[in-house]
Amino acid sequence: MADLILATNDDGGPEIFASLQGEGPSAGTPVAFIRLSRCNLACTWCDTAYTWHFEGDERPHRDGVTYDRKANQVAVSPAKAAAKIAALGQKRLVITGGEPLMQCGPIADMLAILPDIEVEIETNGTTRASSHVDIRVDQYNVSPKLSHSGNAAELALIEERLEHYAADPRAFFKFVIASPDDIEEVRELDRRYRFKPGHVFLMPEGTTSAALRDKQEWLSRHCVENGYRMSDRLHIHLYGDERGT
Ligand code: SF4
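For the chain, the name recorded in an unreviewed UniProt entry is 7-carboxy-7-deazaguanine synthase, with Erythrobacter ani as its organism. Reading the Subunit (unreviewed entry) entry of the UniProt record for the chain gives the comment "Homodimer."

Right, here's the structure in full:
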């Protein structure tokens, strides 16, 4: 049984914690979170760059910071992770990252020990869950990355994967929006993949309450005009841009 590679909290322990889901359709719901390390993309504004932007990684990030891999990753057995999650006493588990679906084997082993917990997965939409994981998933929060993320479209927007998620009634799409220009890209993807009504969220990019509120002023108008839902980032307002929240 392979270990999960998790992100670390400020104290160096695994990033497993209880909080309110801050984004998307379940915002405001009390949940357990587990944050997996590693990602196959490199978004310039990623707010969890400590999961992938390790020393020696030359890909650009706006903060210009790279992280010591040893201090920011911890290997935890599926059984130990499951015990920590169970101890939090929550009905629902959010598996996030990084890109968590890079670790489907140990995720499936962990979920086998948590048979009754509801499962929500945050993914960038470039990869699919294995059948052993997929059968346990109640909700996918799919966040395809637009051109302002700095990722090449051929890496970030994979046709077969987007078609797959667009057809899955469990999948909701959450687009990070930095400027009004980004919304036309969402509309183009919507025309192409025909996302289900009510399943598209536009979420402002930002890691401070002030930045989020500024963008929500114009983003709310675009949501009304296009029939999209707006996502906040509740955890930023409550706790700031901190690990373990
Ligand atoms: S896909 Fe998510 S975790 Fe990966 S670099 Fe982009 S924002 Fe960060």
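Some details on the site of the ligand
Around the ligand sit Cys39, Leu41, Ala42, Cys43, Trp45, Cys46, Thr48, Trp52, Gly98, Asn124 and Lys145, and those are all the residues in its vicinity. Partitioned by chemical class, the residues of the shell around the ligand number 7 nonpolar, 3 polar and 1 charged.

Digging into the packing of aromatic side chains
Counted under the stated rule, the structure contains 8 aromatic pairs. Ring geometry for Phe173 and Phe175: centres 6.5 Å apart, planes at 15°, overall stacked. Between Tyr193 and Phe195, the aromatic rings sit 6.4 Å apart at their centres with planes inclined by 20°, giving stacked as the arrangement. The pair formed by Tyr193 and Phe195 is uniform in burial state, with each residue classed as buried. Every member of this aromatic cluster is reached through a ring pair, and the members are Phe173, Phe175, Tyr193 and Phe195. Positioned above the aromatic ring of Tyr50 is the side chain of Arg243, whose terminal nitrogen or guanidinium carbon lies 3.7 Å from the ring centre.

So, helix H2 (residues 78-87)
Among the residues of H2, those classed as buried are Pro78, Ala81, Ala82 and Ile85. Buried residues of H2, seen end-on, are gathered within an arc of 100° and therefore sit on one face of the element. In H2, the exposed positions that point more than 90 degrees away from the buried face belong to Lys80 and Ala87. Where H2 is buried, its residues contact strand S1 (4-7), strand S2 (16-20), strand S3 (30-35), strand S4 (73-76), strand S5 (92-96) and helix H3 (104-112). With its phi angle positive at about 70°, Gly89 sits one or two positions after the end of H2.

Quick notes on the side chain of Ser19
If you trace the backbone, Ser19 turns up in strand S2. A polar contact of 3.5 Å, which involves the side chain of Ser19, links it to the backbone oxygen of Thr245. Contact partners of Ser19, with chain neighbours within four places excluded, come to Thr29, Pro30, Val31, Phe33, Tyr239 and Thr245.

Quick look at the UniProt feature "binding site: Mg(2+)" (unreviewed entry) in the chain
Feature annotation in UniProt places "binding site: Mg(2+)" (unreviewed entry) on Thr48, given in this structure's numbering. Residue placement: Thr48 occurs in the loop between S3 and helix H1 (69-72). When its relative accessible area of 10% is taken as the criterion, Thr48 is described as buried. The contact partners of Thr48, leaving out residues within four places of it in the chain, are Arg35, Gly97 and Gly98.

Here we look at the UniProt feature "domain: Radical SAM core" (unreviewed entry) in the chain
The UniProt record annotates "domain: Radical SAM core" (unreviewed entry) at residues 26-241. Helix makes up 35% of residues 26-241 and strand makes up 18%, while its end C-alpha atoms are separated by 19 Å.

Regarding H3
Those residues of H3 that fall on the buried side of the exposure criterion are Cys104, Pro106, Ile107, Ala108, Met110 and Leu111. Residues of H3 that are buried make contact with S1, S3, H2, S5, strand S6 (118-123) and helix H4 (131-134).

Remarks on the environment of Cys46
Among the secondary structure elements, Cys46 is positioned in the loop between S3 and H1. Take Cys46: its relative accessible area is 15%, and that puts it in the buried class. Put simply, Cys46 and His235 are 189 residues apart on the chain and 15 Å apart in space, counted from C-alpha to C-alpha. In this structure, Cys46 is in contact with Trp52 and His61, ignoring residues within four places of it in sequence.

A word on the pattern of salt bridges
Any two side chains of opposite charge can pair, on the condition that their charged atoms come close. Evaluation of the coordinates by the stated rule reveals 19 salt bridges. Between Asp47 and Arg233 there is a salt bridge, and its shortest N-O distance comes to 2.5 Å. With Asp47 in the loop between S3 and H1 and Arg233 in the loop between strand S10 (229-230) and helix H9 (234-239), this residue pair connects regions lying 186 residues apart in the sequence. Salt-bridge contacts for Arg213 lead to Asp232; the nearest nitrogen and oxygen are separated by 3.3 Å. Separated by 19 residues along the polypeptide, Arg213 in helix H8 (residues 209-226) and Asp232 in the loop between S10 and H9 bring together distant segments of the chain. You can call Asp232 partly exposed: its relative accessible area is 23%. Several salt bridges converge on common partners, so that one network encompasses Glu23, Asp47, Glu122, Lys174 and Arg233.

What counts and how
Residues numbered from 1 in each chain as written. Predicted model: local features only at pLDDT ≥ 70, side-chain atom pairs only at ≥ 80, totals over all residues. Heavy atoms only, no water. UniProt positions renumbered as here; feature names shortened; annotations may be inferred. Near = heavy atom within 4 Å. Nonpolar A, V, L, I, M, F, W, Y, C, P; charged D, E, K, R; others polar. Phe/Tyr/Trp six-rings, centres within 6.5 Å; stacked < 30°, edge-to-face > 60°. Buried < 20%, exposed > 50% of the residue type's maximum accessible area, 1.4 Å probe, protein only. Lys NZ or Arg CZ within 6 Å of the ring centre and 35° of its normal. Helix = DSSP H or I, 4+ residues; strand = E, 2+ residues; numbered from the N terminus. Arc of directions from axis to C-beta. Contact = heavy atoms within 4.5 Å. Polar contact = N/O pair within 3.5 Å; in protein donor to acceptor, adjacent residues only side chain to side chain. Salt bridge = Lys/Arg side-chain N within 4 Å of Asp/Glu carboxyl O.

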